[in-house]
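# What the coordinates show
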Amino acid sequence: MSIRGLTKKQPKIFKVKVITMDAEMEFSCEMKWKGKDLFDLVCRTLGLRETWFFGLQYTIKGVCTWLKMEKKVLEQEIPKEDPIKFRFLAKFYPEKAEEELLQEITQHLFFLQVKKQILEEEIYCSPEVTVLLASYAVQAKYGDYDPNFHKPGFLSQDELLPTRVLKQYQMTVHMWEEKITAWYAEHRGIARDEAEMNYLKIAQDLAMYGVNYFPIEQNKNLTDLLLGVDAKGIHVYSINNRFSPNKSFEWSAIRNISYSEKELTIKPLDKKAEVFKFFSSQLKVNKLILQLCIGNHDLFMKRRRVDSIEIQQMKAQAKEEKARKKMEHQRLSREKQLREEAERAKDELERRLFQLEAEARQANEALALPGANARAMLPQLHSKETAELLAEKAQIAEEEAKLLAQNAAEAEQERQRLEMAALKTKEEKRLMEQKVREAERIAAKLVKESDLRTKETEYLKQDLSEAREAERRAKQQLLDITRVSQPHTNRYLYPSPAEGGDLEVEKVYSRFDLKDVDLKRLSLEIERERLDYLEKSKNFEDRLKELKSEIHALKLEEKQKGPISHWNEVFDSLDLTLRKAPSWIKLYEARDGQDDNLQRPFSPFPLNALSSRPINNSSYSTTGGKCSRTNTSVSNNMGIETRKNIVKVQQHDSDVIYI
């Protein structure tokens, strides 16, 4: 591959010339650039952050138009020239300059633009106010007034007053300069940015400040009105009066603005109010009016909302910068004042020294004359005393000068200390902002994790509800299976002698051979639940063991009181301790219980897990949800009739505890 092929293909460019209020800049732009790309480049070059006030303006066919940010530069209707010229101007004006203009560069650009508009009579201003504004402009340009430096005629090259004002009064340029200088001398001690802000604060109260005027027609025959758009709303003026509007629509009272070709409609928020319609000369004028309305309305709403983080940071920085500049200005003013006082004291001492030297020469000449009498000694003595007094005063003045120099050095040290403190404050603020950003990041992360945990909880709740529903269905199926097998069980509970008693009883307690997969799964789930409950009822089992030992000790007492009262007390106490346990045991007296059956404790019975039935010659059954104990006679193979104890227990669907 050739070297030419390796080199990157250079993009096509076009030249742009941007003219600001005090400078001209040229840029090379790519063909694909949009208006925002060029605008951002200009703002970065100027160091401007408050970009929402400004725009790039150009003139096409006699109409001043603003460059659209979202469209490509070359696709817009711009002048065909090389380089393409744009003017970087303020497109929207603040309601209160002191509160909204934060950067010094923003304030300076507004000052230059408003000053130009006043001098070109785009903004009307009375002669008195014009002179006052001119004095602030001179203060911003030259600093404090110094009569030794600012000689008469130093303003001859500056354009400070509109032509209309100069022609209105029969005054020479020198007379105007004296008036301006008189005001200018009173602004001593005001810094440049403060003088510019005072200029804008006076100018913003003028009637034509920040208003864009457009000729409109209420009918298609005559242009008899002017439409003005500014930061507060839309105003309608007569053609000969641009100061007081005939009708005004504040932004808060406008519901909708729309246009159709050359017709533009303003609909008030009050639906009963009249809809205002007018016609403009061109369609592009309607588009320009709508564009200005949208931008001013957005800024109107932005001023009434809480400031964003960027605006808050800019305000804090502007406040710190103003405080720093004010402190620096005060320090310089103090040093300048001390220097001036020292110079005046030095001049006074030099003057007195020259005077003393002259007197000393005269005294020496008088002493040198022959035949001098005693009266010639008096001026000499007087001169000597005066010289000593002046020498003492000179020493005092020197000491004062040293003290002033020491104070100046202390002031310099204090300034350095304040600068170091300001730097430390900035560093602490930077660290604090960094910590705030880290905390916001952690908070966002925690919120995200909380959302994930919430979703997981919802999923788990859903799974739990599904599992409970499955468990309920499983229990219902098991109950259904138990009901189906109940008739067969009842048949084995009361066997006939012909069927063979022992053989039938053995069949009653035989295990069910369930090979169905679903039944096994349900049985396993129930068994797991039973095991969980058995683990939780460990204390209850211990209590049962204690009761079993108490049975032996209370056998004689049971004979007197009867078996029923004792077991009722036992199971009532158990019911109080185990509220969450399955429905528990109640014992009823056997139909023909014998004392000898109560003399021996119950023997442990092996359990059948599927039927919850002890495998024994005694049988258990439930009737009506209650547990009872009955005695039945069962025949064995030898033909001997033996009486057995049968205990019926009310039990939970899945949890069984046997004594």
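Every value quoted in this text rests on a predicted model; they were computed, and no experiment measured them.

### As for the pattern of salt bridges
Per the counting criterion, the structure on display carries 26 salt bridges. Arginine 417 is the partner of glutamate 414 in a salt bridge, and the nearest nitrogen-oxygen pair spans 2.4 Å. Highlighted residues: glutamate 414 and arginine 417, both in helix H11 (residues 377–493), separated by 3 residues, approximately one helical turn. Between glutamate 427 and arginine 430 there is a salt bridge whose closest N-O contact spans 2.4 Å. In this pair, glutamate 427 and arginine 430 both sit in helix H11, 3 residues apart, roughly one turn of the helix.

### Some remarks on the environment of glutamate 529
Along the chain, glutamate 529 falls in helix H13 (residues 517–536). In the structure, glutamate 529 is positioned 58 residues away from glutamate 471 in sequence and 9.8 Å away in space, judged by C-alpha atoms.

### Description of the packing of aromatic side chains
The geometry of an aromatic ring pair comes down to the distance between the two centres and the angle between the two planes. Scanning all chains against the criterion turns up 17 aromatic pairs. Summarising the aromatic geometry, the rings of phenylalanine 53 and phenylalanine 110 are spaced 5.7 Å apart at their centres and angled 85° between planes, so their arrangement reads as edge-to-face. Of this pair, phenylalanine 53 sits in the loop between helix H2 (35–46) and strand S3 (54–60) while phenylalanine 110 sits in helix H4 (residues 104–119), and the two are 57 residues apart along the sequence. Accessibility classification places phenylalanine 53 together with phenylalanine 110 in one group, the buried group. Pairing tyrosine 93 with phenylalanine 110 gives two aromatic rings, centres 5.8 Å apart and planes at 70°, and the pair type is edge-to-face. With tyrosine 93 in the loop between strand S5 (84–90) and helix H3 (97–100) and phenylalanine 110 in helix H4, this residue pair connects regions lying 17 residues apart in the sequence. As far as the burial class goes, tyrosine 93 and phenylalanine 110 line up, both buried.

### What to know about the sheet that holds strand S11 (residues 263–268)
Taken in spatial order, the 7 strands of this open sheet run S9-S8-S7-S6-S12-S11-S10, and their pairing is antiparallel. Where the open sheet ends on each side, the last strands, each with one partner, are strand S9 (247–250) and strand S10 (254–260). On average, each strand axis in the sheet is inclined to that of its neighbour by 30°, with strand direction left out of account. Each of strand S6 (212–217), strand S7 (225–229), strand S8 (233–238), S10, S11 and strand S12 (276–280) is contacted by helix H9 (residues 283–303), which is oriented at about 160° to S10, the strand it contacts most.

### Brief notes about the confidence of the model for the protein chain
On average, residues of the protein chain score 75 in pLDDT, and 71% of them reach the 70 mark or higher. Ignoring residues within four places in sequence, the model shows residues 371–378, a span with pLDDT below 50, making 2 contacts including any to other chains. Residue range residues 576–659 is modelled with pLDDT below 50. Its contacts to residues more than four positions away, or to other chains, number 163 contacts.

### Some thoughts on the nonpolar core
Phe54, Phe86, Phe88, Val114, Ile118 and Ile234 are the most contacted members of the largest nonpolar core, which has 79 residues in total. At 8 residues, H9 tops the list of elements feeding residues into this core. Residues within four places of phenylalanine 54 in sequence aside, it is in contact with Phe39, Leu48, Phe88, Leu89, Ala90, Lys91, Thr106, Leu109 and Phe110. Judged by nonpolar contacts, the second largest core, of 11 residues, contains Phe154, Leu160, Leu161 and Ile180.

About the cut-offs
- Residues numbered from 1 in each chain as written.
- Predicted model: local features only at pLDDT ≥ 70, side-chain atom pairs only at ≥ 80, totals over all residues.
- Heavy atoms only, no water.
- Salt bridge = Lys/Arg side-chain N within 4 Å of Asp/Glu carboxyl O.
- Helix = DSSP H or I, 4+ residues; strand = E, 2+ residues; numbered from the N terminus.
- Phe/Tyr/Trp six-rings, centres within 6.5 Å; stacked < 30°, edge-to-face > 60°.
- Buried < 20%, exposed > 50% of the residue type's maximum accessible area, 1.4 Å probe, protein only.
- Pairing = 2+ DSSP bridges.
- Axes fitted to C-alpha atoms, helices over the stretch in contact; angles between N-to-C directions.
- Contact = heavy atoms within 4.5 Å.
- pLDDT = per-residue confidence, 0-100.
- Core = buried A, V, L, I, M, F, W, Y, C linked by side-chain atoms within 4.5 Å.

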